[in-house]
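Notes for the structure review
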Amino acid sequence: MSGPEEGRDPQSVGRFEVPQQVPAPDAEPARRNGHRPAAQAAPTPTPADEVDAGLPGGTEPAVSDRPGDHWDRKVANGLAFLRRRLSGDYEVDEFGFDSELTDAVFHPLLRLLYRDWFRTEVSGVEHVPVDGPALVVGNHSGTVALDALILSAALHDKHPAHRYLRLLGADLVFRMPVVSELARKTGGTVACNPDAERLLGGGDLVGVFPEGFKGIGKLYADRYKLQRFGRGGFVSAALRTGTPIVPVAIVGGEEIYPMLADIKPLARLLKLPYFPVTPTFPLLGPLGMVPLPSKWLIEFCPPIPTAHLTDSADDPLVVFNLADQVRETIQQTLHTLLERRPDPFGP
């Protein structure tokens, strides 16, 4: 007598006799991209699983993982930045320096200028200390003080430690409503010895332009001729803190707004140090504020140590001699850079 299995298809017997594993109701469903939690062992894939996962036994291509979309990340980062700004969840130091705003807004704008518009070449960055204080002293030019901003952005980008340059500005800068706030946010402060010494004492890089308005307000005929360095207050600050002085020469700023004349009566009326006349301003109005695309060269010179002269901070002769040494170093470097750049608007 034949048993109940007789007459059945052998393949159907195998199909009904092998029990199928039914997942528990609370089990986590399998992910369609093939990844499972580490604590669970992946079961043997069935033909249906192979189709979904794109395995060799399937007939449809797999959907591979892709990195997040570039613009999605930019939008998400931008929204997070705005949320922090609106909620006040950011830090500023005692001088008002906002490093997050500087990195996210100001440096990207300046980067377009110094890298793409001015085609700036920077050399000698190895002379700027990797850590600890230093006083960076540069020549001033250009009718509008773009050289200070370009120097700070280029130094931050090119320096291996991406250090910030804390600029010292004239009183006029901090009496102007909008400009004052921007200067504080980017790390600037008033050019006075107490502020300079506090920054140097805290281990910061401090940038100073001893020519002041005499440098940026000189005529184009006097380009790259350093003006007087004042009374050498920057030297006294360096001596009191034992900070090395790093001279820096900047070529290119003189050509962005070539100053042909200074209308002094109008400058006095507007309470400005000078009122410039350039080939494009005031003739072209607001368009005259677009800087000409001159070629820039920036070179940091070897540092001048001052630690051995801390007891001579109040000695006028020592201060004058050191200031003159810094000035002469910058002037000679300017001559060298100008020989390397015969065409002001070359590549």
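Report follows, based on the coordinates. As the structure is a prediction and not an experimental result, all values here were calculated from the model. (Residues numbered from 1 in each chain as written. Predicted model: local features only at pLDDT ≥ 70, side-chain atom pairs only at ≥ 80, totals over all residues. Heavy atoms only, no water.)

Counting secondary structure elements, the protein contains 11 helices and 9 strands. Considering the protein as a whole, with its 347 residues, one finds that 37% of them fall into the buried category. Pairs at least 24 apart in sequence give 75% of the contacts found in the protein among residues at least 6 apart. By element, 59% of the accessible surface of the protein is carried by carbon and sulfur atoms, the whole surface being about 20300 Å². (Helix = DSSP H or I, 4+ residues; strand = E, 2+ residues; numbered from the N terminus. Buried < 20%, exposed > 50% of the residue type's maximum accessible area, 1.4 Å probe, protein only. Contact = heavy atoms within 4.5 Å. Areas by Shrake-Rupley, 256 points an atom, 1.4 Å probe, with all protein chains shown as cover.)

Another point: unusual backbone geometry. For the bond from F281 to P282, the omega torsion is 5°, close enough to zero to count as cis. Positionally, P282 belongs in the loop between β8 (276-277) and β9 (297-300). The residue R119 is not glycine, and still its phi comes out positive at about 50°. Counting through the fold element by element, R119 comes out in the loop between α4 (99-117) and β1 (121-123). Residue classification places R119 among the partly exposed residues on the basis of a relative accessible area of 22%.

Reading across the sheet, the 7 strands line up as β1-β9-β6-β2-β5-β3-β4 and stay open at both edges, with mixed pairing between neighbours. The sheet is open, and its two edges are formed by β1 and β4 (189-190), each paired on a single side. Here strand β6 (residues 245-251) runs beside β9; their pairing, made up of 4 bridges, is antiparallel. Bridge assignment links I250 to a residue of β9, and that residue is I298. (Pairing = 2+ DSSP bridges.)

A word on the packing of aromatic side chains. Enumeration over the complete set of coordinates arrives at 4 aromatic pairs. Ring centres 4.8 Å apart and planes at 20° place the aromatic pair F118 and W296 in the stacked group. With F118 in the loop between α4 and β1 and W296 in the loop between β8 and β9, the pair connects residues that are 178 residues apart, well separated along the chain. On the numbers, 6.1 Å between centres and 40° between planes, the contact of F275 with F281 is tilted. Take F275: its relative accessible area is 13%, and that puts it in the buried class. Overall, the relative accessible area of 22% leaves F281 in the partly exposed class. Over the ring of Y220 we find R223; its NZ or CZ atom is 4.2 Å from the centre of that ring. (Phe/Tyr/Trp six-rings, centres within 6.5 Å; stacked < 30°, edge-to-face > 60°. Lys NZ or Arg CZ within 6 Å of the ring centre and 35° of its normal.)

A grouping of W117, L283, L284, L287 and V290 is seen on the molecular surface, where their side chains present a nonpolar patch of about 530 Å² in accessible area. Assignment of secondary structure puts L287 in the loop between β8 and β9. Exposure remark for L287: the relative accessible area of 60% places this residue in the exposed category. (Patch = residues over 30% accessible without salt bridge, like charges linked within 9 Å, V, L, I, M, F, W, Y side chains within 5 Å. Salt bridge = Lys/Arg side-chain N within 4 Å of Asp/Glu carboxyl O.)

Our focus in this paragraph is the pairing of strand β5 (residues 205-208). Walk down a regular strand and you will see the side chains alternate between the two sheet faces. With burial as the criterion, each face of β5 is covered, one bearing L205 and G207 and the other bearing V206 and V208. As defined by bridge partners, strand β2 (residues 134-138) adjoins β5 across 4 bridges and the pair is classed as parallel. In the strand pairing of β5, V136 is matched with G207. Relative to β5, strand β3 (residues 165-169) is paired through 3 bridges, and the arrangement is parallel. Looking at β5, one finds that L167 is bridged to G207.

Here the structure, examined in full by the defined rule, presents 15 salt bridges. Of the charged contacts in the structure, one is a salt bridge between D116 and R115, with a shortest N-O distance of 3.7 Å. The shortest N-O distance in the salt bridge between K295 and E121 comes to 2.9 Å. You can see K295 sitting in the loop between β8 and β9 and its partner E121 sitting in strand β1, a full 174 residues away along the chain. For K295, a relative accessible area of 6% corresponds to the buried category. Take E121: its relative accessible area is 39%, and that puts it in the partly exposed class.

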